[in-house]
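The residues making up each chain are set out below.
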Amino acid sequence: KPLTLDYSNMLAHVTEKDLEAAIAGQRTRLEGLLDPPAAQSEMLGWVNVDGCTGAALVSRITETAREIRENAEVFLLIGVGGSNQGARAVIKALQPDGIPEILYAGNNLSPRYLERILAQIRGRSVYANVIAKNFATLEPGICFRIIRQFMEAAYGKEAAAARIIATGSPDGSSLERLASAKGYRFLPFPPDVGGRFSVLSAVGLLPIAVSGVPIQELLQGARDMARLLKTQPLTENIAVRYGVARNLLLAKRFRLEILAYFEPLLKYFAKWWVQLFGESEGKDGTGIFPAACSFSEDLHALGQYIQDGRKMIFETFINLEEPGARLPIPADHGTADGFDYLDGKDFTDLNKIAFEATVRAHVAGGVPALILNVPALTPYYLGQLFYFFEYACYISATILGVNPFDQPGVEAYKTHMFSQLKRKNNP
Ligand code: PA5
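Since the structure is predicted, the reported quantities are computational estimates derived from the model, not experimental observations.

**Digging into the site of the ligand**
Next, step 1: As a structural note, the neighbourhood of the ligand is formed by 14 residues, with Gly81, Gly82, Thr137, Gly195 and Arg196 the closest of them.
Next, step 2: Among the residues forming the shell around the ligand, the class breakdown is three nonpolar, eight polar and three charged.

**A short note on the pairing of strand E8 (residues 289–294)**
Next, step 1: Two elements, strand E7 (residues 256–261) and E8, share six bridges in a ladder whose sense is parallel. Along E8, the bridge assignment pairs Leu259 with Ala292.
Next, step 2: Read as a crossover between parallel neighbours, the route from E7 over helix H13 (residues 267–281) to E8 is right-handed.

**A few points about the environment of Gly401**
Next, step 1: Mapped onto the fold, Gly401 is located in the loop between helix H16 (379–400) and helix H17 (410–420).
Next, step 2: For Gly401, a count of 10 C-beta atoms within 10 Å corresponds to the exposed category.
Next, step 3: With 115 residues separating them along the chain, Gly401 and Thr286 place their C-alpha atoms 9.3 Å apart.

**Notes on the confidence of the model for the protein chain**
Note: predicted coordinates in regions of low pLDDT should not be interpreted at a detailed level.
Next, step 1: Of all residues in the protein chain, 99% have pLDDT values of 70 or greater, and the mean over the chain is 95.
Next, step 2: For this predicted complex, the interface confidence reaches an ipTM of 0.98, while the overall pTM sits at 0.97.

**Points about the sheet that holds strand E3 (residues 101–105)**
Next, step 1: Here we have five strands laid out as an open sheet, ordered E3-E2-E4-E5-E6, and parallel in their pairing. The open sheet has two edge strands, E3 and strand E6 (185–188), and neither has a second partner. Direction aside, the axes of adjacent strands within the sheet are offset by 20° on average.
Next, step 2: Here helix H6 (residues 111–121) sits on the sheet and contacts strand E2 (74–78), E3 and strand E4 (126–131); the angle it forms with E3, its principal contact strand, is near 155°.

**Notes on the UniProt feature "active site" (unreviewed entry) in the protein chain**
Next, step 1: Feature annotation in UniProt assigns "active site" (unreviewed entry) to the following positions: Glu279 and Lys414.
Next, step 2: Tracing the sequence through the fold places Glu279 in helix H13.
Next, step 3: Look past the residues within four positions of Glu279 in its chain and what remains in contact with it is Arg196 and Gln407.
Next, step 4: Summarising the element assignment, Lys414 is placed in helix H17.

**Here's the deal with the sheet that holds strand E10 (residues 369–376)**
Next, step 1: Strand order in the open sheet made by the five strands is E1-E10-E9-E7-E8, with mixed pairing throughout. The sheet terminates laterally at strand E1 (4–6) and E8, the two strands that pair on one side only. The mean inter-strand angle of the sheet, taken between neighbouring strand axes irrespective of direction, is 25°.
Next, step 2: Bridge analysis of E1 against E10 gives three bridges, and the strand direction is antiparallel. Looking across to E10, one finds that Leu5 is bridged to Leu372.
Next, step 3: H13 rests against E7 and E8 of the sheet, and its axis sits at about 175° to E8.

**Here we look at unusual backbone geometry**
Next, step 1: Residues Ile99 and Pro100 are joined by a peptide bond in cis, for which omega reads -5°.
Next, step 2: On the secondary structure map, Pro100 appears in the loop between helix H5 (85–94) and E3.
Next, step 3: In this structure, Arg253 is a non-glycine residue whose phi angle is positive, near 75°.
Next, step 4: The class for Arg253 is exposed, based on 10 C-beta atoms found within 10 Å.

**Side note on the pairing of E7**
Next, step 1: Counting buried residues in E7 gives five out of six residues, a clear majority hidden from the surface.
Next, step 2: In this sheet, strand E9 (residues 313–322) lies alongside E7 in parallel orientation, the contact comprising six bridges. When the sheet's bridge partners are listed, Leu256 is paired in E9 with Ile313.

**So, the packing of helix H12 (residues 238–251) against H16**
A packed helix pair is summarised by two numbers, namely the angle formed by the two axes and the spacing between the axes.
Next, step 1: For the pair H12 and H16, the least separation of the axes is 8 Å and the interaxial angle reads 45°. The angle between H12 and H16 places the two elements in the oblique class. As for how H12 packs across H16, the hand of that crossing is right-handed. Side by side, H12 and H16 meet where Ile238, Ala239, Val240, Tyr242, Gly243, Val244, Arg246 and Asn247 of the first sit next to Phe388, Tyr391, Ala392, Ile395, Ser396, Ile399 and Leu400 of the second.
Next, step 2: Split by residue class, the contact of H12 with H16 holds eleven nonpolar, three polar and one charged.

Rules used throughout
- Residues numbered from 1 in each chain as written.
- Predicted model: local features only at pLDDT ≥ 70, side-chain atom pairs only at ≥ 80, totals over all residues.
- Near = placed C-beta within 6 Å.
- Nonpolar A, V, L, I, M, F, W, Y, C, P; charged D, E, K, R; others polar.
- Pairing = 2+ DSSP bridges.
- Helix = DSSP H or I, 4+ residues; strand = E, 2+ residues; numbered from the N terminus.
- Right-handed = clockwise from strand over helix to strand, strands pointing away.
- Buried ≥ 20, exposed ≤ 12 C-beta atoms within 10 Å, placed from the backbone.
- pLDDT = per-residue confidence, 0-100.
- Axes fitted to C-alpha atoms, helices over the stretch in contact; angles between N-to-C directions.
- Contact = placed C-beta atoms within 7 Å.
- UniProt positions renumbered as here; feature names shortened; annotations may be inferred.
- Parallel < 35°, antiparallel > 145°, perpendicular 65-115°, else oblique.
- Left-handed = near helix turned anticlockwise from the far one by under 90°.

What follows is the structure, encoded as structure tokens:
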């Protein structure tokens, strides 16, 4: 069963006719995006799920992950942006048993944070995966120096090297050179895949496999979504419709999209989504600002603004059709807590009713809503979701007229920082 998108709650602003007309108006271009010639962009490696990994690499990743699961108490993922967001999204949502403990480093410059990580790994069996496309990014680069020195001191140089896996560009990048000089195992960061599109490559798959989440199911979900997007007629194609609908909403001045969910386990998936759309579309003075809300908690915070504030927001709700747990509400006769009206219900009912009520209230308040129906929170459906959003983002950014695969805006702060730090060369 695939994901489905329900547009009925945006029709007051963008109608089915508008959507169909917009798709018909750019049919040839959209067809080209669904079947891109290899030459069209150097950054479309992620489109072919198996081309990105391949059976040999998947079995190498599985073997390495098995060894780490057998020996590690802690696994450190050192990376930032696209180099950690995808794996973290899956692990935080689905890691079955918390073994090994997975910690994230190299994604900020806080000394307190890194000190705490060092305290958490001291005296324990540690493996580390440093992930960086070209290893020029300051956060993972300098954090990895601290971690490898720590591990060399703890285990000795040779044994530390056996516990470190580097994932980087396989074309002579500085990380590849460092790995070969130190004797680390090395996994390829595909040169034709950008960080935020890399979760289904070795970049995301090793940490995910280490967490015990079955990567084959994730990949199968992505493959099935790839097949669906290739075979669905243009007017029914969910990636096309989502990409076109977002742009029509933007044209109506809905400049901010909130990915809203009622399952807190999706927090880091939503962060991945924010990065994907923010870095891919926010450029050249345009783009929809992506944000995320965890409901019902955020109904008690941003909910006020969404309902009542400036009319510039639309929402994309993730509706988990099978919530994955039941928790009946027991009666408590004799205690006047004021909640007897809930007796006999289940938390699942409450969450569902809160979701439906939120959609109804926000739509009535002038906030268009799209509802993405997801059958269940499983590796398979996360695979579908990753592929769906990556493709939809590529389509949406192209319609918007920006390059989805670069991030020139990220360089501005780096230029100032590096000049203050007196970095000489810009590798
Ligand atoms: O999506 C992207 O390309 C970026 O977010 C990068 O992943 C991020 O800047 C980290 O880059 P690197 O892996 O080279 O350290």
